[in-house]
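# Residue-level structural notes
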Amino acid sequence: MPAHVAVTIDLVAPGIHFVEGPASNWVVLTGDGTASLIDAGYPGDIDLVRGSLRQVADGLPLSTIAVTHGHSDHTGGIRELLGDHPGARVVSSEAELPNIRRDVTHQVTAGAILPHLVKPRFARWLRHAIRAGGLTDVAVADPVGLADGQELDLSGHPVRVRVTPGHTPGHTVYELLDAGAVATGDALVTGHAVSTVRGPQSLHPMFHHDRPAALALFHELDREWSGRTLLPGHGPILRR
Ligand SMILES: [Zn+2]
């Protein structure tokens, strides 16, 4: 990992840290003698994920990795983390499990990217995605399914599961009930390498499995979460 690559760690609430990685983000939760993660970066981010765990969860065993969706920039570090913490469980909505296991792959295709590569920021994004291991096998063997509305305990923090299909068929967001915050995954982001906009936005349409559904849901969630702290899959934390 080049020396200049670093992450930004924000304290969201006691025992909840938002980590802004080089190109995608993750959340570390600590409490009850364990740590949990929401998402796990690109495969190439594994040392950064481990470093963030050392920094804010030093020595705690990882109990749960909650996944927003099965794209390699969010699930990339999971296999290595399960090697470090064999007791950890991986969870996401039932509908997202085939994408996480890679029985199917709902991820942007070369054909969808190609027309955009004349634009330098798209070419830069693709170069980073490939270098960060975006094309490597990230299949996770035994993820456990969650239901919409289910309440989950992540290292002592009450979390409500919300199934938000659009970006992927079973995209899942996690409402952090003791922090007034939402880990929004890619249902709502605040920035992205191919975007010139900062602030709440829907990802570029080429990334979405169901574009109209993803866009409609983004507007709905942006309104609904007007008073919440947003912890997006891409871009900085947004306190509002
Ligand atoms: Zn993403």
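No experiment lies behind these values; they were computed from the predicted model shown. (Residues numbered from 1 in each chain as written. Predicted model: local features only at pLDDT ≥ 70, side-chain atom pairs only at ≥ 80, totals over all residues. Heavy atoms only, no water.)

UniProt feature "domain: Metallo-beta-lactamase" (unreviewed entry): in the numbering of this structure it lies at residues 23–234. As annotated, residues 23–234 has a helix share of 27% and a strand share of 24%, and its two end C-alpha atoms lie 7 Å apart. (UniProt positions renumbered as here; feature names shortened; annotations may be inferred. Helix = DSSP H or I, 4+ residues; strand = E, 2+ residues; numbered from the N terminus.)

Turning to the coordination of the zinc ion, a few remarks are in order. Bound to the zinc ion on the protein side are Asp-73 (OD), His-74 (NE2), Asp-186 (OD) and His-234 (NE2), at distances that span 2.0 to 2.5 Å. If you look at the zinc ion, its four donor atoms make angles of 88 to 162 degrees with each other, and the shape they trace is irregular. Here the donor residues of the zinc ion share one chain and are spaced in sequence as D-H-x111-D-x47-H. Within this pair, whereas His-74 is found in helix α2 (residues 72–75), its partner Asp-186 is found in the loop between β11 (181–185) and α7 (211–224), the two being separated by 112 residues in sequence. The exposure classification of His-74 matches that of Asp-186, with both residues buried. (Donors = N, O, S within 2.8 Å, 3.2 Å for Na, K, Ca; no water. Tetrahedral: all angles 85-135°; square planar, octahedral: opposite > 155°, others 65-115°. Buried < 20%, exposed > 50% of the residue type's maximum accessible area, 1.4 Å probe, protein only.)

Bringing the sheet that holds strand β3 (residues 25–31) into the picture now. Overall, mixed pairing links the seven strands, which are arranged β1-β2-β3-β4-β5-β6-β7 in an open sheet. In this open sheet, the two strands that pair with only one neighbour each are β1 (8–13) and β7 (144–146). Here the average twist between neighbouring strands, direction ignored, is 25 degrees. Packing of helix α1 (residues 46–57) onto the sheet brings it into contact with β1, β2 (16–20), β3, β4 (34–38) and β5 (62–66), and relative to β3 it is tilted by some 30 degrees. (Pairing = 2+ DSSP bridges. Axes fitted to C-alpha atoms, helices over the stretch in contact; angles between N-to-C directions. Contact = heavy atoms within 4.5 Å.)

Moving on, we get to the packing of aromatic side chains. If you walk through the whole model with that rule in mind, you get one aromatic pair. For the ring pair Trp-125 and Phe-207, a centre distance of 5.1 Å and an interplane angle of 80 degrees mean the geometry is edge-to-face. Here Trp-125 is found in helix α6 (residues 120–131), whereas its partner Phe-207 is found in the loop between β11 and α7, with 82 residues between them in sequence. Given the relative accessible area of 10%, Trp-125 is considered buried. (Phe/Tyr/Trp six-rings, centres within 6.5 Å; stacked < 30°, edge-to-face > 60°.)

Another aspect to go through is the side chain of Ser-72. Considering the arrangement of structural elements, one finds Ser-72 in helix α2. A relative accessible area of 1% places Ser-72 in the buried class. Of the polar contacts made by the side chain of Ser-72, one reaches the backbone oxygen of Gly-134; its length is 3.1 Å. Those residues within four positions of Ser-72 in sequence are excluded, and the remaining contacts are Gly-41, Tyr-42, Pro-43, Arg-102, Gln-107, Gly-134 and Val-138. (Polar contact = N/O pair within 3.5 Å; in protein donor to acceptor, adjacent residues only side chain to side chain.)

Moving on, we get to the sheet that holds β11. Ordered in space as β8-β9-β10-β11-β12, the five strands form an open sheet in which the pairing is mixed. Each end of this open sheet is capped by a strand with a single partner; those strands are β8 (151–154) and β12 (229–232). Looking at each pair of strands side by side, their axes are set apart by 30 degrees on average, direction ignored. As paired elements, β11 and β12 share four bridges and run parallel to each other.

Turning next to the environment of Glu-175. Relative to the assigned elements, Glu-175 resides in strand β10 (residues 172–176). Between the alpha carbons of Glu-175 and Pro-120 there is a distance of 36 Å; along the sequence they are 55 residues apart. Ignoring anything within four residues of it in the chain, the contact list for Glu-175 reads Pro-158, Val-159, Arg-160, Arg-162, Ala-181, Val-182, Glu-224, Trp-225 and Arg-228.

Before going further, it helps to examine the side chain of Thr-68. Structurally, Thr-68 is set in the loop between β5 and α2. In this structure the side chain of Thr-68 is engaged in a polar contact, spanning 2.8 Å, whose partner is the side chain of His-69. Setting aside chain neighbours within four positions, we find Thr-68 in contact with Ile-38, Asp-39, His-74, Ser-92, Glu-96, Gly-170, His-171, Thr-172, Tyr-174 and Gly-185.

With that settled, consider unusual backbone geometry. With glycine set apart, most residues show a phi of negative sign, and most peptide bonds adopt trans. Of note in this structure, Asp-32 is not a glycine but carries a positive phi near 45 degrees. Residues other than glycine seldom take positive phi values, yet Arg-102 does so here, at roughly 65 degrees. Note on placement: Arg-102 falls in the loop between α4 (97–101) and α5 (110–113).

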